[in-house]
Amino acid sequence: MSERDGDSSEDLATEELDPVEALEELLEEIADGLQLDVDVDVEERDGVLSGRLEGEDVGLFIGRHGQTIDAVQHLAQRIVFPDGPSSVRVVVDANGYRERRAEALRADADEAADEALSSGKPVELDPLPPFERRIVHEYLRERGGVETHSEGNEPERYLVITPLAVDGDA
């Protein structure tokens with residue numbers, strides 16, 4: 001065996017990438033496959049591994065109602081952390097889509113909470129993926145006046161917003 005045998009492409013293929021490198025490589029491959037002209041930036045901070053695409057025409061990557069970007073995010077979590085659940089959460093974004101979506105979710109949550117408070121009855125939201133339900137749960141917990149819980153089974157799991165009992169209610 002020569003020294004060169006130790007540097008074979010077979011060895012490189014089995015070499016494990018760290019999570020940042022793995023996510024960056026995955027997003028670059030997907031962007032190339034979709035023929036997108038984008039910059040990919042990946043960073044890990046506070047238990048979140050964030051991958052961002054910035055560029056033109058990322059609509060195909062985001063998909064209808066965010067379905068494609070949500071699927072990529074789900075797959076990225078499984079590919080980057082193949083040994084199962086990780087304390088590090090993978091978040092994939094494109095041109096600020098996630099923050100725009102979070103703003104829309106908070107606005108919908110406000111409307112539903114106002115309706116629950118004015119009617120005194122629970123209000124159901126449309127089904128949402130887990131990470132979007134978490135945004136609404138956390139937002140409404142901070143807002144106060146209502147409580148939230150999830151019902152149903154994936155992918156049709158949805159949030160129920162219930163007004164909190166007011167002192168004096170029987």
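Small disclaimer: the values here were computed from a predicted structure and weren't measured. (Residues numbered from 1 in each chain as written. Predicted model: local features only at pLDDT ≥ 70, side-chain atom pairs only at ≥ 80, totals over all residues. Heavy atoms only, no water.)

Engineer: Account for the environment of Ser-86, with residues named and values stated.
Structural biologist: On the secondary structure map, Ser-86 appears in the loop between α4 (67-80) and β3 (89-94). In the structure, Ser-86 is positioned 39 residues away from Gly-47 in sequence and 9.5 Å away in space, judged by C-alpha atoms. Within polar-contact distance, the side chain of Ser-86 engages the backbone nitrogen of Val-88 at 3.0 Å. (Helix = DSSP H or I, 4+ residues; strand = E, 2+ residues; numbered from the N terminus. Polar contact = N/O pair within 3.5 Å; in protein donor to acceptor, adjacent residues only side chain to side chain.)

Engineer: Before we move on, can you summarise the pairing of β3 with the specific residues and values?
Structural biologist: A large share of β3 lies buried, amounting to five of its six residues. Across six bridges, strand β2 (residues 48-55) lies against β3 in parallel orientation. Bridge pairing links Arg-52 to Asp-93 in β3. (Buried < 20%, exposed > 50% of the residue type's maximum accessible area, 1.4 Å probe, protein only. Pairing = 2+ DSSP bridges.)

Engineer: Mind laying out the sheet that holds strand β4 (residues 123-124), listing which residues take part and the relevant values?
Structural biologist: Taken in spatial order, the three strands of this open sheet run β4-β6-β5, and their pairing is antiparallel. The two strands at the open ends of the sheet, each matched to only one other strand, are β4 and β5 (146-151). Bridge count between β4 and strand β6 (residues 158-163): two bridges; the pairing is antiparallel. Counterpart to Val-123 in the pairing with β6 is Ile-161.

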